[in-house]
Amino acid sequence: MQLLLRDKNLSEQHRTLVLKERCVTEDEFWELRQDLLRDHELQMKQKKGRSSVIPNIRPITEEGGETKINITPQLVQEIFDEYPRVKIAYEQNVGDNKPLGHKEFWKRYVQSRFNDRNRTNGSSVVNDDLFEKCWLETEEDINQEKEHRDHGRKRIKISNLRDLSATKEDHMEIELEKDITMRSGHGKILSLIRRSNRHGEKILEASSSKTRISKEKAKQNNQEHQNEDYMPYITIDDLNDEKPENAIRLEIHDQREYFASQKLEQGRDVEMTDSQNSPIDILNEFKTDFVDWKPNLTVSLISDKYARKATKKCNELIKTKQHYAREAIPNLENFPSPIEKEVHLLHLLGNEYLRHFWASWNSKDKTEKNKKMIEKLRGALTRINKIKKMSQDEEALDSSQSSQNTDTRVNELEWSKAITLAEQMLKPLRDAIEIALTRGRSHN
Amino acid sequence: MKVDEDANLLVLIIDTNPIVWRKSNFSLKEALRHILVFINAHLALKHDNDVAIIASHVGVSKFLYPIPMTHENSDKTIFPNMYQKFRVIDEKVIANMSALFEDVDTPNNYPDKASSMMAGALSMALCYINRITKADEIGHVKSRILIISVSPDSPYQYISIMNCIFSAQKLCIPIDVCKVYGSDTPVFLQQASHITGGKYLKLEMPQGLLQFLMIAFLPDRYNKKYLCLPGEERVDFGAACFCHKKIIDVGYVCSVCLSSILNLICDLFSVYQNVMILFLNHL
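As a starting point, this report considers the structure included with it. Here the structure is a predicted model, which is why all the values come from computation and not from measurement.

So, on to the sheet that holds strand β6 (residues 200–202) of chain B. Residue and element names in this part refer to chain B. Strands sit in the order β3-β2-β1-β4-β5-β6 across an open sheet of 6 strands; the sheet is mixed. The open sheet has two free edges, formed respectively by β3 (61–65) and β6, since each of these has just one partner strand. Each neighbouring strand pair of the sheet contributes to a mean axis angle of 20°, computed without reference to strand direction. Across 7 bridges, strand β1 (residues 7–15) lies against strand β2 (residues 50–56) in parallel orientation. Across the sheet, residue I13 finds its bridge partner in β2, namely I54.

Taken as a whole and assessed by the stated rule, the structure comprises 2 cavities of 30 Å³ or more. Here the largest cavity defines a volume of roughly 70 Å³. Counted by class, the lining of the largest cavity contains 4 nonpolar, 6 polar and 1 charged residues.

The subject of this paragraph is the pairing of β3(B). Residues and elements named next belong to chain B. Inspection of the sheet shows β2 paired to β3 by 4 bridges, in the antiparallel sense. The partner of I53 across the bridge, within β3, is Y65. Counted along the chain from β2 to the antiparallel partner β3, the turn is 4 residues long, and its residue G59 has a positive phi close to 85°.

Here we take up unusual backbone geometry. All names here are of chain B. A cis amide bond, omega -5°, links Y65 with the succeeding residue P66. In this structure, P66 sits in the loop between β3 and α3 (84–102). With a phi angle near 60°, C172 is a residue other than glycine that sits in the positive phi range. You can see C172 is positioned in the loop between α6 (158–170) and β5 (175–179).

The subject of this paragraph is the environment of A:L136. All names here are of chain A. Along the chain, L136 turns up in helix α9 (residues 129–148). On the basis of relative accessible area, L136 is assigned to the exposed category, the value being 54%. On a C-alpha basis, the gap between L136 and R85 in space is 9.7 Å, while along the polypeptide they are 51 residues apart.

Here we take up a nonpolar patch on the surface. Residues and elements named next belong to chain A. Side chains of L161, M231, Y233 and I234 sit close together on the surface and give an oily, nonpolar patch of about 460 Å² of accessible area. With respect to the secondary-structure elements, L161 resides in the loop between α9 and α10 (188–207). A relative accessible area of 41% places L161 in the partly exposed class.

Cut-offs and rules
- Residues numbered from 1 in each chain as written.
- Chains lettered and ligands numbered in written order.
- Predicted model: local features only at pLDDT ≥ 70, side-chain atom pairs only at ≥ 80, totals over all residues.
- Heavy atoms only, no water.
- Pairing = 2+ DSSP bridges.
- Helix = DSSP H or I, 4+ residues; strand = E, 2+ residues; numbered from the N terminus.
- Axes fitted to C-alpha atoms, helices over the stretch in contact; angles between N-to-C directions.
- 1 Å grid on protein atoms, 1.4 Å probe; cavity = no way out; pocket = protein on both sides within 12 Å on 5 of 7 lines; lining within 4 Å.
- Points joined across faces, edges and corners; volume = space filled by probe spheres on them.
- Nonpolar A, V, L, I, M, F, W, Y, C, P; charged D, E, K, R; others polar.
- Buried < 20%, exposed > 50% of the residue type's maximum accessible area, 1.4 Å probe, protein only.
- Patch = residues over 30% accessible without salt bridge, like charges linked within 9 Å, V, L, I, M, F, W, Y side chains within 5 Å.
- Areas by Shrake-Rupley, 256 points an atom, 1.4 Å probe, with all protein chains shown as cover.
- Salt bridge = Lys/Arg side-chain N within 4 Å of Asp/Glu carboxyl O.

That's the geometry; what it means functionally is another story.
What follows is the structure, encoded as C-alpha cells:
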C-alpha cells in the first residue's frame, strides 16, 4: 500500500489496470513486481543510526529580536554523552535544593563560551564561570585520556617503533600551526583534533558492537603481553608470495566460435586459397610489384564517369539521411486527447499482458495462466486495430461533456493524421503481441 | 580556444592484405595513388595538419609514416615544383610499403590469411595519438582515425578490437571506416564508427575512391559538425546467438558471461544460469 502512495506512476498503473479496466487481478499485478515490494520492505526496515553531529544548541532568532532555543530531551542526552563534565555540573547545580533551575542552566550554557567554542564565531558570548570550569576540565580530560589508557601509569608508554629522530620534514603532509606554548597538550589545534577523535570514536562505538569487543580483547591482551605486536609493521606485502585466487574458471569449449560475431562462410575459416594462386605466390607477386614503384600523381587519377557516380551516390545517401531525420520527430501539438488516452491505455494494457505472458511462458504450473493471457492478448490486438475506426463524432456522443468538446474539435484532416500517428506509435506493441501469439500457437 | 589554432592529426590505417586486394578488381597501387592524393589534400588544408599512416598487414601491422629513419638514403634533391612535405610523405610511404612487402615469410606462416591485423593497427594508432596529445602542451591537436578496409573481420580479434573501440570512445577520437571491397558487413567496424561518432561508408565503386574520400572523410572534427556527410546510419545491433550466430529475438542470457543463447541446449557452455529476456527488433 505504501509503495503505491509513494510512486505516482505505479499507483496510476495500478489504478488503471486493476481497478478500472479489470484486466489483471491484484495478486497478479504484484506477482510480477516482487522486486519493488522487496526493495520497499528493506527500506522500511532499516533504522537510522546515531547522528554524528556534535551536539550544539543554536538559537533561532525570530522576528522581534527574540531568540528561541529548542531543547529536546534527546539533545540533552546527547550533550551529556558528549561532555560528561556538563552532566556533572548539571547534577551538581540543578535540582530541588540547588541554586540553578533547568531553564536557567541551559540559558547560561548557550550564552557561555562553552557552546560557542565549538563554533568559530566569537560574538555575543558571556564569560560564565561555571562553564569555563567545565571547559578546562574537559580539556584536561581529553589530554589525560591517553595516559589513563595505560591504567594510570605515570610514565606514558611509547611504542618501540616510533621514530625518535623524526623532524619536521618527516611530517610534511600534515601542516599544523606551530605550537608556541610548548606545553604538552595545550595547543589549540591538538585539542581540537583530540576532541574530534574522541567524538568519532564514540559514534563508531555506538553503532557497532564489534569495536567494544575488540577493545575488551585488546585490554586483555595488554595485560598479558607487554610487548607490542611488530609483525604488521614490518612485513612488506610485495615480498610475500601471491596466493592463488579461488576463482572459478569460465570454460569455453570452442574459443573461435564463441568470439565470432557472425557466421563465417563455409570454407573460409582457416586458409584462404585462391583457385589459381597460392598465398605465397600472391605475396611474392606483391613484393616484386612494389619494388621501385614511384607512382605518378600528376596524371589524372579518376575518370569523369566514376567521379560523377561517386558524387551522385554520396548525395543520395545524404538525402536519405535528411529525410529520416526530418520524419523522425512527429508533431504532437494538436494531438486530440481521446486518441491520446486510448493509445496510452492500450500501451499499458498491452505491456502488462505481455509481461504476464512471458512470465508464465515456460513454467509448467502456469499453463492455464498462459492460455488466458493469449486470449487477452488477442483482445488487445483487436482493440489496437479498432483505433483506425475511431471517429470524432463517436467520441463527442459518448462523453457527457459535449459542450467542452466543441472547443477542442479538430478538423477531419488533422484527426486522420493523428490516427495514422497513433497507429505508428502502437506498431512496436502490435509487433510484440503478434510475436507472442505466434509463439503461443507453436508452443501449444 | 580558437578554431584557427587547431592542428588536425589524421591517422590512416590501410588494410594491405594482398590476398584480398587481389580478389577485388581494384589494385592496391591504384588505391594507394588515390590515398596519397587524399593525404596531400588533408595536409594542404592547414599548415599544422599532420598525418600518420599505419599498414595493417597479414599478421603484422607497421607504421609507414612517421618512422625515424636510421640512415638517410633518400635523395636530397629538392623539387621546386612540389611542396616539400607532400613529397617527403609520399616517398616514405611508398618506400616503407615496399619494405613491408619484402618480408614474405611472416605473412605466409600466419594461419589466418583472410583478415588483417586490425586490432594491432588500432592499438598502435591509439598509442601514437596518446603520445602526441600528451606531448602537445597547448592542447590544440585534434586527432581522428580513418580506416580503409578490404578484409573481413577476424573473430579472434573481437575482444581486442572492442577494447580499442572503447578506449577511442573515452578519448573522443572518431573512427571513420571506408570499406572499399568486402562481401559481408563488418560488424565490428560498423559498431566502431557508430560508438565513436565516426562515419561508415561502403563503396560500391572502388574506382571512385578518391571522390568518396574527399567528400565524406576530408572535413576535420570541427567542420563535421556543420556539414551533413554521407554515411550509413543503420547499424546492425541485432543480438546473435553465440553458438549458431542466428539473429534471435527471444533467448536466454547467461548471468556469468553475459552471452546470449538461443536455447538451453546449446553445448557451448559448461556453466550457465538462465534469465529470459526479450529482444525487440530494431527497425
